[in-house]
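Commentary on secondary and tertiary structure
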Amino acid sequence: MVMPDTLNGAIMLSVIDFFLSMAMISGIGVVLALFPLLNRLGKIDEEALRKGHH
């Protein structure tokens with residue numbers, strides 16, 4: 001799909017870029033939101049390992 005080199009083409013490109021940016025930012029937000037969950041799982045595993053060794 002080729003964008004026309006007109007004002008309408010520029011506006012369409014800006015709208016597409018806006019939505020893609022929102023998708024990328026949302027994806028990064030989801031990854032960052034998962035970090036505390038991963039940290040919690042890591043703590044549980046660590047405690048289980050410590051109990052197993054003692």
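1. Observations regarding the overall build of the chain
A tally of helices and strands in the chain yields 1 helix and 0 strands. Counting every position in the chain, which comprises 54 residues, the buried fraction comes to 2%. Counting 4 positive and 5 negative side-chain charges, the chain places the averaged centre of each group 20 Å from the other.

2. Things to note about the packing of aromatic side chains
Under the defined criterion, the tally for this structure stands at 1 aromatic pair. Measuring from ring centre to ring centre gives 5.5 Å for Phe18 and Phe19, while their planes differ by 70°; the resulting arrangement is edge-to-face.

3. Remarks on the environment of Arg40
Turning to its location among the elements, Arg40 is positioned in helix α1 (residues 7-53). Given the relative accessible area of 52%, Arg40 is considered exposed.

4. Re a nonpolar patch on the surface
On the surface, Ile28, Val30, Val31, Leu32, Leu34, Phe35, Leu37, Leu38 and Leu41 cluster together into a nonpolar patch covering about 860 Å² of accessible area. The residue Leu41 is located in helix α1 in this model. Residue Leu41 is classed as partly exposed on the basis of its relative accessible area, which comes to 47%.

5. Structural notes on the environment of Met22
Structurally, Met22 can be placed in helix α1. Along the chain, Met22 and Leu7 lie 15 residues apart, while their C-alpha atoms are 23 Å from each other.

So, how was this worked out
- Residues numbered from 1 in each chain as written.
- Predicted model: local features only at pLDDT ≥ 70, side-chain atom pairs only at ≥ 80, totals over all residues.
- Heavy atoms only, no water.
- Helix = DSSP H or I, 4+ residues; strand = E, 2+ residues; numbered from the N terminus.
- Buried < 20%, exposed > 50% of the residue type's maximum accessible area, 1.4 Å probe, protein only.
- Lys, Arg positive; Asp, Glu negative; His and termini not counted.
- Charge placed at Lys NZ, Arg CZ, Asp CG, Glu CD.
- Phe/Tyr/Trp six-rings, centres within 6.5 Å; stacked < 30°, edge-to-face > 60°.
- Patch = residues over 30% accessible without salt bridge, like charges linked within 9 Å, V, L, I, M, F, W, Y side chains within 5 Å.
- Areas by Shrake-Rupley, 256 points an atom, 1.4 Å probe, with all protein chains shown as cover.
- Salt bridge = Lys/Arg side-chain N within 4 Å of Asp/Glu carboxyl O.

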